[in-house]
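# Descriptive analysis of the structure
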Amino acid sequence: MSVKKDTSISLFYDMVELMEKLRGKDGCPWDKEQNHVTLKPYLVEETYEVIDAIDSGMPDKLKEELADLFLQIIFHCQIAREKKEFDINDVIKLCLDKMMRRHPHVFGDSTASTSEEVVQQWEAIKKQEKGYEERKSAVDGLPKHLPALQKAQKVQKKAAKVGFDWKDINDVIAKVEEEMEEVKEAIAKKETKDMEEEIGDLLFSVVNLSRFLQFDTENILHKTIYKFVDRFKKIEKELASCGKDIEQCSIEELDALWNKVKMNARKNI
């Protein structure tokens, strides 16, 4: 299925005009009050809803959430246009220029036959671009508001690119075990500050293990959270069918139910 260029252009500028009207004199009071800062939580929310839609595997849901995210981009561009900073055309032109510049193996004379070669070329080109000269360290350039798990994995990847990385998986596992022992020692000493620091080190080492195995830590934890929620709800449902209140059950009874739900889940795999 191909998209008709003339139709796409028409719909695109219909969207731009719609936002201009919403922000105009006779537009929506709420839309007119917004600025880049007030829209930040909506941008984050819509981004995560797109991710949820991708995980759902439902094309219609993804289409809807992408529309909501696209609206946020148009919104920010309209605000910037009103302040005479830039507009949507400037953003698109910047994107086109950047993508063509960073893909010389497609639009130029360079060659890159593997994904690894593409990434290496991409990073080399980025280092030559405006703004990159401000990065004095190999681990500079981390987005301030990136979730902690993603930030940890990203900084570890940056360090690995310059050779600061483990060579063997057993060394990574040993580091996790070492950090776990240090957590135990801190707990035994009952030093709150040390406990906090050591747990942080443990989490960081677990992220490193995930990265070393080429897993996305954020995604792994999300899956585990949803698995926990699903199993917990099944425990609640089973207790409700017996007329029991979960708050009145002993931890031993709950643990037995948890293991039962866990075993049933494995049988259904």
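Residues numbered from 1 in each chain as written. Predicted model: local features only at pLDDT ≥ 70, side-chain atom pairs only at ≥ 80, totals over all residues. Heavy atoms only, no water.

### Comments concerning the overall build of the chain
What counts, and what does not: Elements are defined by DSSP. Helices are runs of H or I of four residues or more, strands are runs of E of two residues or more, and each kind is numbered from the N terminus. For this measure, only C-alpha atoms enter the radius of gyration; the expected value for a globule follows 2.2 Å times N^0.38, where N is the number of residues. Buried means the residue's accessible area, taken with a 1.4 Å probe over protein chains only, is under 20% of the maximum for its type, while exposed means over 50%, and partly exposed covers the values in between.
Looking only at helices and strands, the chain features twelve helices and zero strands. The order of α-helices and β-strands along the chain, N terminus first, is α-α-α-α-α-α-α-α-α-α-α-α. Taking 2.2 N^0.38 as the reference for a compact globule, 269 residues should give roughly 18 Å; the C-alpha atoms of the chain span a radius of gyration of 25 Å, well beyond that estimate. The dimensions of the chain, computed from C-alpha atoms along their principal axes, are 65 × 55 × 40 Å. Scored against the burial criterion, the 269 residues of the chain give a buried share of 20%.

### So, the nonpolar core
Applied cut-off: Working definition of a nonpolar core: buried Ala, Val, Leu, Ile, Met, Phe, Trp, Tyr and Cys residues. They are joined through side-chain atoms within 4.5 Å. Residue contacts follow a heavy-atom distance rule, with two residues in contact if any of their heavy atoms lie within 4.5 Å.
Judged by nonpolar contacts, Phe12, Val16, Met19, Leu39, Ile74, Phe75, Cys77, Ile79 and Ile88 together constitute the single largest core of nine residues. Broken down by element, the residue count for this core peaks at four residues, all from helix H4 (residues 59–82). If we ignore the near neighbours within four places in the chain, the residues touching isoleucine 79 are Arg23, Gln34, Asn35, His36 and Leu39. Grouped together as the second largest cluster of nonpolar side chains are six residues, Leu239, Leu254, Leu257 and Val261 included.

### As for the packing of aromatic side chains
For the record, the criterion: Ring pairs shown here join Phe, Tyr and Trp side chains whose ring centres sit within 6.5 Å, with only the six-membered ring taken for Trp; geometry is labelled stacked below 30 degrees between planes, edge-to-face above 60, and tilted in between.
Tallying each qualifying case throughout the model produces six aromatic pairs. Measuring from centroid to centroid gives 5.8 Å for phenylalanine 228 and phenylalanine 232, while their planes differ by 25 degrees, and the two rings are stacked. In this pair, phenylalanine 228 and phenylalanine 232 both sit in helix H11 (residues 217–241), four residues apart, roughly one turn of the helix. Classification of phenylalanine 228 by relative accessible area gives partly exposed; the value is 46%. Taken together, the aromatic side chains of Phe12, Tyr13 and Phe70 make up a single cluster linked through ring pairs.

### Comments concerning the side chain of glutamate 65
Take glutamate 65: it is sitting in helix H4. Sequence-distant contacts of glutamate 65, that is, excluding residues within four places in its chain, are made with Glu46, Glu49, Val50 and Ala53.

### Here we look at the packing of helix H1 (residues 5–22) against H4
Test applied: A fitted line through C-alpha atoms represents every axis, and for helices the fit uses only the stretch in contact; the resulting angles, taken between N-to-C directions, go from 0 to 180 degrees. An angle below 35 degrees is treated as roughly parallel, one above 145 as roughly antiparallel, one from 65 to 115 as roughly perpendicular, and anything else as oblique. Should the near helix be turned counterclockwise from the far one by less than a right angle, the crossing is left-handed, whereas a clockwise turn marks it as right-handed. Only Asp, Glu, Lys and Arg are considered charged in this grouping, and only Ala, Val, Leu, Ile, Met, Phe, Trp, Tyr, Cys and Pro are considered nonpolar; every other residue, Gly among them, is considered polar.
With their axes 10 Å apart at the nearest point, H1 and H4 run at an angle of 60 degrees to one another. Accordingly, the angle class assigned to the pair H1 and H4 is oblique. In the crossing of H1 with H4, the sense of the turn from one axis to the other is right-handed. Of the residues in H4, those in contact with Phe12, Met15, Val16, Met19 and Glu20 of H1 are Phe70, Leu71, Ile74, Phe75, Gln78 and Arg81. In the contact of H1 with H4, the residues fall into eight nonpolar, one polar and two charged.

### Comments concerning the packing of H11 against helix H12 (residues 251–267)
Between H11 and H12, whose axes approach to 10 Å, the crossing angle comes to 115 degrees. Handedness of the H11/H12 crossing: right-handed. In this structure, H11 contributes Phe228, Arg231, Phe232, Lys234, Ile235, Glu238 and Leu239 to the contact, and H12 contributes Glu253, Leu254, Leu257, Trp258, Lys260, Val261, Lys262 and Ala265. Taken together, the residues that form the contact of H11 with H12 break down as nine nonpolar, no polar and six charged.

### Side note on the side chain of glutamate 179
Relative to the helices and strands, glutamate 179 is located in helix H9 (residues 169–189). Ignoring anything within four residues of it in the chain, the contact list for glutamate 179 reads Glu198, Asp201, Leu202 and Ser205.

### A closer look at the environment of lysine 227
Within the secondary structure layout, lysine 227 lies in helix H11. Note on lysine 227: relative accessible area 42%, which makes it partly exposed. When the C-alpha atoms of lysine 227 and lysine 262 are compared, they prove to be 9.8 Å apart, with 35 residues separating the residues in sequence.

### What about a negative patch on the surface?
Short version of the rule: The patches described consist of residues with a relative accessible area above 30% and no salt bridge, like charges being joined within 9 Å and nonpolar side chains (Val, Leu, Ile, Met, Phe, Trp, Tyr) within 5 Å. Residue exposure ignores everything except the shown protein chains as possible cover, and the areas themselves are Shrake-Rupley values with a 1.4 Å probe. By convention in these notes, a salt bridge is any Lys or Arg side-chain nitrogen within 4 Å of a carboxyl oxygen on Asp or Glu. Charged-residue counts in this description rest on Lys and Arg as positive and Asp and Glu as negative, His and the chain ends being excluded. Each charge is placed at NZ for Lys, CZ for Arg, CG for Asp and CD for Glu.
Taken together, Glu191, Asp194, Glu196, Glu197 and Asp201 make up a surface patch of like negative charges. Relative to the helices and strands, glutamate 196 resides in helix H10 (residues 192–212).

### Some details on unusual backbone geometry
At lysine 190, a position not held by glycine, the phi torsion is positive, near 60 degrees. In this fold, lysine 190 is placed in the loop between H9 and H10. You can call lysine 190 exposed: its relative accessible area is 69%. Its identity is not glycine, yet glutamine 214 carries a phi of approximately 65 degrees, on the positive side. Within the fold, glutamine 214 resides in the loop between H10 and H11.

### What to know about the environment of arginine 23
As for its placement among the helices and strands, arginine 23 is situated in the loop between H1 and helix H2 (29–33). The spatial distance from the C-alpha of arginine 23 to the C-alpha of tyrosine 13 is 15 Å, given a sequence separation of ten residues. The residues contacting arginine 23, other than those within four sequence positions of it, are Asp31, Lys32, Glu33, Gln34, Phe75, Gln78, Ile79 and Glu82.

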